[in-house]
Amino acid sequence: MTATANPNRDLEPKRRSAAFCARYGLQLPILLAPMAGACPASLSIEVANAGGMGAMGALMSDPDAIRAWVNEFRSAAGGPFQLNVWIPDPKRHRDPDAEARVRAFLTRWGPEVPVTAGDVVPPDFERQCETFLQLKPTAVSSIMGVFPADFVRRLKDNGIAWFATATTLAEAQRAVAAGAEAVIAQGAEAGGHRGSFDQAAAERQVVGLFALLPRLADHITVPIIAAGGIGDGRGVAAAMMLGASAAMIGTAFLRCPEAKTHVAWASALDKLEPEATVLTRAFTGRLGRAIATDYVKAAAAAGAPPAAPYPVQRGLTGPMKQAGAAAGDYHRMQVWAGQSAAMARPIAAGQLVREIWSQAEVLLLPGQ
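In this report, the structure presented in the accompanying data block is examined. Predicted model only: the values in this text are computed from it and were never measured.

## Digging into the overall build of the protein chain
A count of helices and strands for the protein chain gives 15 helices and eleven strands. For 368 residues, the compact-globule formula gives about 21 Å, and the C-alpha radius of gyration of the protein chain, at 20 Å, lands near that figure. In terms of its C-alpha atoms, the protein chain occupies a principal-axis envelope of roughly 60 × 45 × 40 Å. By residue count, 58% of the 368 residues in the protein chain fall in the buried class. The long-range share in the protein chain, meaning contacts at least 24 apart out of those at least 6 apart in sequence, stands at 69%. Carbon together with sulfur atoms contributes 53% to the accessible area of the protein chain, which is approximately 14,900 Å² in total. Mean positive and mean negative side-chain charge positions of the protein chain (35 and 32 charges, respectively) differ by 1 Å.

So this is what it looks like as structure tokens:
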């Protein structure tokens, strides 16, 4: 390549992925998506021992829980892992009348919702970040914004990579300018929460992965990690041909035994069509892709109250979700799912990692 060449656009895919793997200690370019509440250490251990990168979504975890997860992972795996956290929003205004309407709506789906249910407070972001620095993972990843400059500096001082999630080129460029070492390109197909920096614009910034990847590859030079709708080697190979150095996979692992997914959730993923998922704010107040359950469809119907802001909506839906889980009723559970959910299989996660990469290698032409 020339001095002005862009490796995401000009370097052969397998050489690009090999460089990424060498840099971050992977044997193959498959990363587990950091799914908060759905990525026990057992799943990451299996993925890392197969040559990929494990992940913890630490959004709802306090420092002690983060340390416990890392200790469990390190006791059984020697591979790389990432810790992920959301960039917090400014505190939102509470509207008691609007919350009362949401509570009344939710009583149709579960027990009565206490007035205090919306008072939920996420773990302290700064304490989570300090814990990350102490534990020194391979990488720390962000979603919904960029880290403060001082934290970015301290990550670099401690030899910890920063992977930043982006849903648009503008977000990716902002992350690179702030010091991100790699960009996670989150396509609209992805399950779980959207990574949009501006929550008010999330519904407008719904870009599919295979439109997003070449756009980013043409304009940024840091490695790109493809995320969203990838469930087998075909998706990995296609993403790499479009400029990705690695692939991040979440929903496809949810039926693996090591994921310990609730049986009702795991069963609902079986043969789930892409159009049977939908973007919704009904669970947490932030936009995310989930199975189009009866509750989700009712929450989107005319006359249903708008979701309260995050994290209020997450707290308000708590009683319903707990009752649904206890009853094994996925229609009342928080069942995130990407559009490739039908590719999820009930096999060991390590076997799935190896099969995905073996298929991708065959599809990538010799010498690439």
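Continuing now.
## Overview of the side chain of Gln-199
Note on placement: Gln-199 falls in the loop between strand S7 (192-193) and helix H9 (209-217). Separated by 2.7 Å, the side chain of Gln-199 and the backbone oxygen of Ser-196 make a polar contact. Not counting residues within four places of it along the chain, the set of residues in contact with Gln-199 comprises Asp-89, Met-144, Arg-281, Arg-286 and Leu-287.

## A closer look at the pattern of salt bridges
Under the counting rule described, the total for this entry stands at 17 salt bridges. Residue Arg-9 pairs with Asp-10 through a salt bridge whose shortest N-O separation is 3.3 Å. Between Glu-130 and Arg-154 there is a salt bridge whose closest N-O contact spans 2.5 Å. Separated by 24 residues along the polypeptide, Glu-130 in helix H6 (residues 125-135) and Arg-154 in helix H7 (residues 149-157) bring together distant segments of the chain. Overall, Arg-154 belongs to the partly exposed group, its relative accessible area being 27%. Sharing partners across several salt bridges, the network here consists of Arg-94, Glu-99 and Asp-119.

## Here we look at the environment of Val-278
In this fold, Val-278 is placed in strand S10 (residues 277-280). For the pair Val-278 and Pro-13, spaced 265 residues apart in sequence, the C-alpha separation works out to 32 Å. Val-278 has contacts with Gly-288, Arg-289, Ala-290, Ala-292 and Val-296, leaving out every residue within four places of it along the chain.

## Comments concerning the packing of helix H10 (residues 233-241) against helix H15 (residues 349-363)
Put simply, H10 and H15 touch, their axes get as near as 7 Å, and they point 50° apart. In terms of orientation, H10 and H15 fall into the oblique class. Between H10 and H15 the crossing geometry is right-handed. On H15, the residues touching Gly-233, Arg-234, Val-236, Ala-237 and Met-240 of H10 are Ile-356, Trp-357, Gln-359, Ala-360 and Leu-363. Residue composition of the contact of H10 with H15, grouped by class: seven nonpolar, two polar and one charged.

## Some words on the nonpolar core
Core analysis: the largest hydrophobic core is formed by 88 residues, its most contacted members being Leu-31, Phe-163, Leu-216, Val-236, Phe-253 and Tyr-295. Looking at this core, the element that brings in the most residues is H15, giving six residues. Setting aside chain neighbours within four positions, we find Tyr-295 in contact with Phe-105, Leu-106, Trp-109, Ala-282, Phe-283, Gln-313, Thr-317, Met-320 and His-331. Judged by nonpolar contacts, the second largest core, of 31 residues, contains Ile-45, Phe-73, Leu-83 and Cys-129.

## Some details on the sheet that holds strand S6 (residues 182-186)
Strand order in this open sheet of eight strands is S1-S9-S8-S6-S5-S4-S3-S2, and the pairing throughout is parallel. The open sheet has two edge strands with one neighbour each: strand S1 (30-32) and strand S2 (54-57). Each strand axis lies, on average, 25° off the axis of its neighbour in the sheet, ignoring direction. Direction of pairing for S1 relative to strand S9 (residues 246-249): parallel, over a ladder of three bridges. Pairing of Leu-31 across the sheet is with Met-248, part of S9. Against the sheet, helix H8 (residues 169-177) touches strand S5 (161-166) and S6, its axis set at about 160° to S5.

## A few points about the packing of helix H3 (residues 41-49) against helix H4 (residues 63-76)
The geometry of H3 relative to H4 is characterised by a closest axis approach of 9 Å and an angle of 35° between their N-to-C directions. Handedness of the crossing formed by H3 with H4: right-handed. For the pair H3 and H4, contact is made by Ala-41, Ser-42, Ser-44, Ile-45, Ala-48 and Asn-49 and by Trp-69, Glu-72, Phe-73 and Ala-76, respectively. Partitioned by chemical class, the residues of the contact of H3 with H4 number six nonpolar, three polar and one charged.

## A look at the environment of Ala-177
Within the secondary structure, Ala-177 is located in helix H8. Ala-177 sits in the exposed class, given a relative accessible area of 69%. Residues Ala-177 and Val-146, 31 residues apart in the sequence, show an inter-C-alpha distance of 9.8 Å.

## Quick word on the packing of aromatic side chains
A full pass over the atoms with the stated rule returns 14 aromatic pairs. Measuring from ring centre to ring centre gives 6.3 Å for Phe-105 and Tyr-295, while their planes differ by 45°; the resulting arrangement is tilted. One end of the pair, Phe-105, is in helix H5 (residues 96-106); the other, Tyr-295, is in helix H12 (residues 294-299), and 190 residues separate them in sequence. Pair check on accessibility: Phe-105 and Tyr-295 agree, each one buried.

## Examining the sheet that holds S7
Spatial ordering of the open sheet is given by S7-S11-S10, a layout of three strands whose pairing is antiparallel. Every interior strand has two partners, whereas the edge strands, S7 and S10, have only one. Examined bridge by bridge, S10 and strand S11 (residues 288-291) share four bridges and lie antiparallel to one another. If you follow Thr-277 over to S11, its bridge partner there is Ile-291.

Definitions and cut-offs
Residues numbered from 1 in each chain as written. Predicted model: local features only at pLDDT ≥ 70, side-chain atom pairs only at ≥ 80, totals over all residues. Heavy atoms only, no water. Helix = DSSP H or I, 4+ residues; strand = E, 2+ residues; numbered from the N terminus. Rg over C-alpha atoms; globule rule 2.2 N^0.38 Å. Buried < 20%, exposed > 50% of the residue type's maximum accessible area, 1.4 Å probe, protein only. Contact = heavy atoms within 4.5 Å. Areas by Shrake-Rupley, 256 points an atom, 1.4 Å probe, with all protein chains shown as cover. Lys, Arg positive; Asp, Glu negative; His and termini not counted. Charge placed at Lys NZ, Arg CZ, Asp CG, Glu CD. Polar contact = N/O pair within 3.5 Å; in protein donor to acceptor, adjacent residues only side chain to side chain. Salt bridge = Lys/Arg side-chain N within 4 Å of Asp/Glu carboxyl O. Axes fitted to C-alpha atoms, helices over the stretch in contact; angles between N-to-C directions. Parallel < 35°, antiparallel > 145°, perpendicular 65-115°, else oblique. Left-handed = near helix turned anticlockwise from the far one by under 90°. Nonpolar A, V, L, I, M, F, W, Y, C, P; charged D, E, K, R; others polar. Core = buried A, V, L, I, M, F, W, Y, C linked by side-chain atoms within 4.5 Å. Pairing = 2+ DSSP bridges. Phe/Tyr/Trp six-rings, centres within 6.5 Å; stacked < 30°, edge-to-face > 60°.

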